[in-house]
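Residues per chain, in single letters:
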Amino acid sequence: QNPKTSAIVKQLVAEGNAAELQKYFGSRMEFGTAGLRAAMGAGISHMNDLTIIQTTQGFCRYLEKNFSDLKKRGVVIGFDARAHLSSGGSSKRFARLAANTFISQGVPVYLFSDITPTPFVPYTVTHLKLCAGIMVTASHNPKQDNGYKVYWENGAQIISPHDKGISQAIEENQEPWPQAWDDKLIDSSRLLHDPYATVNKEYFKDIQKQCFHRNINKETNLKFVHTSVHGVGHKFVQLAFKAFDLSPPFAVPEQKDPDPEFPTVKYPNPEEGKGVLTLSFALAEKDGAKIILANDPDADRLAVAEKQESGEWKVFSGNELGALLGWWIFTCWKNHNRDTCAIKDVYMLSSTVSSKILRAIALKEGFHFEETLTGFKWMGNRAKQLMDQGKAVLFAFEEAIGYMCCPAVLDKDGVSAAVITAEMATFLATRNLSLSQQLKAVYDEYGFHITKASYFICHDPKVIQQLFDNLRNFDGKNTYPKSCGRFKVSGIRDLTTGYDSSQPDQKAILPISKSSQMITFTFANGGVATMRTSGTEPKIKYYSELCAPPGNSDVEQLKKELDELVNALEKHFFQPEKNNLQRKTE
């Protein structure tokens, strides 16, 4: 019933454009553990009023089946600032339609009245003890995309088998229910609640438990620049700084207000490198700021840059910032917990494609480190299990600039990460240390961990399948590569098939997923490289790392060795020319 999407379809029918109609209606968006992520537009392959209604009807029925008290507890729904003029879709509209679906079935809905960071949704699920949460966002994807991200009652993103159960329920509930389109009905409903004021107050109170140097924060002369890259983060990072008694960061004026067109950047993704930070560098130079904090548009990720002695800017990788935050959060914990026995209940987590620096710190300091599959859904769920057993999960991170610094949010949170990074930098400044100098000190103490990650773009699923099939049948059927150029392969773990050469029974310990590709190669020189497909973008990603024991300080030699390994990986395993793969460009 949306006049804009309806008109698009009618126009295509009138033109007899079967190819476009096939694209729009050939297959339904797949609901996975990440929920939905697709372009806004007409048809069942896109995000629009109808597909949001259908998805929410399925999700509602699935929740009714799983929670006898759903009508007592309810759900929370948040949204970012995305909008798509040509199809009439927007995150706010989708959130209201989703709320209408639940309310029509007598389910209380806590619908934020304004845009919020993604981490506020899992926070609200936990804080108000709700059954589930929905965040309408496409995070850092291109401007035409939107998404529908789902959290379970434990405050973490859903994992299997919930995705399959919800997907099945969507299939069974495609006919819109009566009044499904009339979102105005919710405004007069007693089942509609606005958690905005409460959550804003409570969230900033909770993150203050991670504030350890208030007096230093009040006095510091260190200046910060913050950009929210046309997303939702500006107001919330300002409030976080206030909660820690830090002077507010300078906001990049052209990027501080939400704008669904993302006019100043090609991709609204701070992970893509210096291009996204051009305006931040200029403002920092003008105002004499040493450190830049950049959130992605839904404020669940954080990139950090620091001005070096040379006048150059260093953008920290996700692994480098993970090393710094891990060191900092453990140091703060240690200074406030004199009981040496308590350390046996302390945990840190990271994903299997992230740097193993936390493992090195844990081995030396005596706390526990665990790795999980890629993605915060795994770390959030594992953290909750550990917390339920009385353990303290201090920190979790993934190399894709995602950090969980505060146990009140079981997902990555760019708001708390920004202010905790600012406090760390402020404290280090009193010791005349920069973030870069402290990073070197961490590596000196726990061993250098040099990482390099990138990706190739490939729009053809057949080519991707063939590339991974070739690796599994490299020297004849069912044989993996024994070497990659001059680098000898010493171990292989394939989490698509479940094979792990390092295990006595050759079966992988981490859960496997047949629907996504992921192979990890260990090399005789101590290098590790993982190749995997992305769940949300047409990319084949790779992650590589060389770990040296403490005391090996020939960093340049390590970097050279890793560069050569990566070049061999690209040449022999990816074969970009043969497979017509497009390289990542700045």
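Residues numbered from 1 in each chain as written. Predicted model: local features only at pLDDT ≥ 70, side-chain atom pairs only at ≥ 80, totals over all residues. Heavy atoms only, no water.

1. Description of the overall build of the protein
- Helix and strand counts for the protein come out as 19 helices and 25 strands.
- Relative to the 2.2 N^0.38 estimate, which gives 25 Å for 586 residues, the radius of gyration of the protein is 24 Å and therefore close to what a compact globule would have.
- C-alpha extents for the protein along the principal axes are approximately 70 × 65 × 50 Å.
- Counting every position in the protein, which comprises 586 residues, the buried fraction comes to 58%.
- Here the analysis covers contacts within the protein between residues at least 6 apart in sequence; of these, 69% occur between residues at least 24 apart.
- A total accessible area of about 24,400 Å² is found for the protein, and carbon and sulfur atoms account for 51% of it. (Helix = DSSP H or I, 4+ residues; strand = E, 2+ residues; numbered from the N terminus. Rg over C-alpha atoms; globule rule 2.2 N^0.38 Å. Buried < 20%, exposed > 50% of the residue type's maximum accessible area, 1.4 Å probe, protein only. Contact = heavy atoms within 4.5 Å. Areas by Shrake-Rupley, 256 points an atom, 1.4 Å probe, with all protein chains shown as cover.)

2. Looking at empty space enclosed by the protein
- A full pass over the atoms with the stated rule returns 1 cavity of 30 Å³ or more.
- In terms of lining, the largest cavity is formed by D80, A81, R82, H230, G231, V232, D259, P260, F262 and P297.
- Residue classes in the lining of the largest cavity are distributed as 5 nonpolar, 2 polar and 3 charged.
- Domain assignment of the residues forming the lining of the largest cavity places at least three in each of domain 1 (3–193) and domain 2 (203–315). (1 Å grid on protein atoms, 1.4 Å probe; cavity = no way out; pocket = protein on both sides within 12 Å on 5 of 7 lines; lining within 4 Å. Points joined across faces, edges and corners; volume = space filled by probe spheres on them. Nonpolar A, V, L, I, M, F, W, Y, C, P; charged D, E, K, R; others polar. Domains from an automatic or database assignment.)

3. Some points on the environment of I170
- With respect to the helices and strands, I170 occurs in helix α7 (residues 162–171).
- For I170, a relative accessible area of 5% puts it in the buried group.
- In sequence terms I170 and F59 are 111 residues apart; their C-alpha atoms lie 6.8 Å from each other.

4. Describing the state of the cysteines
- Tallied over the entire structure, the rule returns 0 disulfides.
- In this model C406 remains outside any disulfide bridge; the closest cysteine sulfur is found in C405, 8.1 Å from its own. (Disulfide = S-S within 2.5 Å.)

5. A short note on the pairing of strand β16 (residues 392–398)
- For β16, the buried fraction is high: 6 of the 7 residues fall into the buried class.
- Relative to strand β17 (residues 402–404), β16 runs antiparallel, the two sharing 3 bridges. Each bridged residue has a counterpart across the sheet, and for F397 the counterpart in β17 is Y403.
- Between β16 and β17, which pair antiparallel one after the other, the connecting turn spans 3 residues, and I401 there sits at a positive phi close to 45°. (Pairing = 2+ DSSP bridges.)

6. Comments concerning the sheet that holds strand β7 (residues 145–151)
- The strand order across the open sheet formed by 6 strands is β1-β7-β6-β2-β5-β8, and the pairing between neighbours is mixed. In this open sheet, the two edge strands, each paired with only one partner strand, are β1 (36–39) and β8 (192–193).
- Here strand β6 (residues 132–136) pairs with β7 via 4 bridges, running antiparallel. Across the sheet, residue V136 finds its bridge partner in β7, namely Y148.
- Each of β1, β2 (75–79), β6 and β7 is contacted by helix α3 (residues 49–66), which is oriented at about 5° to β7, the strand it contacts most. (Axes fitted to C-alpha atoms, helices over the stretch in contact; angles between N-to-C directions.)

7. A look at the pairing of β7
- Within β7, 7 of the 7 residues are buried, which leaves the element mostly enclosed by the surrounding structure.
- Side chains D145, G147, K149 and Y151 project from β7 onto one buried face, and the interleaved N146, Y148 and V150 project onto a second face that is buried too.
- Summarising the sheet, β1 and β7 pair through 4 bridges and their orientation is antiparallel. Paired with A39 across the two strands is D145, which belongs to β7.

8. Let's talk about the nonpolar core
- Of all hydrophobic cores here, the largest spans 163 residues; its most connected members are F59, F102, F395, Y403 and M531.
- Ignoring sequence-local partners within four residues, the contact set of M531 consists of L467, F468, L471, Q517, M518, I519, F521, K541, Y542, L569, F573 and F574. (Core = buried A, V, L, I, M, F, W, Y, C linked by side-chain atoms within 4.5 Å.)

9. Things to note about the side chain of T33
- As for its position among the elements, T33 is in the loop between α2 (18–25) and β1.
- A relative accessible area of 13% places T33 in the buried class.
- Those residues in contact with T33, other than ones at most four positions away along the chain, are Q157, I158, I159, S160, D163 and K377.

10. Some remarks on the sheet that holds strand β12 (residues 302–307)
- Pairing is mixed across the open sheet formed by 5 strands, whose spatial order is β10-β9-β11-β12-β13. This sheet does not close on itself; its edge strands, each paired only once, are β10 (250–251) and β13 (313–315).
- Pairing between strand β9 (residues 224–227) and strand β11 (residues 291–295): 4 bridges, direction parallel. Considered in β11, the bridge of H226 is made with L293.
- Against the sheet, helix α15 (residues 414–430) contacts β9, β11 and β12, and its axis sits at roughly 170° relative to β11.

11. Focus on the layout of surface pockets
- Its boundaries defined by the atoms lining it, the second largest pocket holds a volume of some 560 Å³.
- Along the walls of the second largest pocket sit 32 residues, with K356, R493, T520, T522 and V528 positioned nearest its centre.
- For the lining of the second largest pocket, the elements supplying multiple residues, two or more each, are β18 (449–457), β20 (487–494), β22 (518–523), β23 (527–533) and β24 (539–547).
- In terms of residue class, the lining of the second largest pocket is built from 9 nonpolar, 15 polar and 8 charged.
- Residue-level mapping places the lining of the second largest pocket at the junction of two domains, with at least three residues from each of domain 3 (319–446) and domain 4 (448–583).

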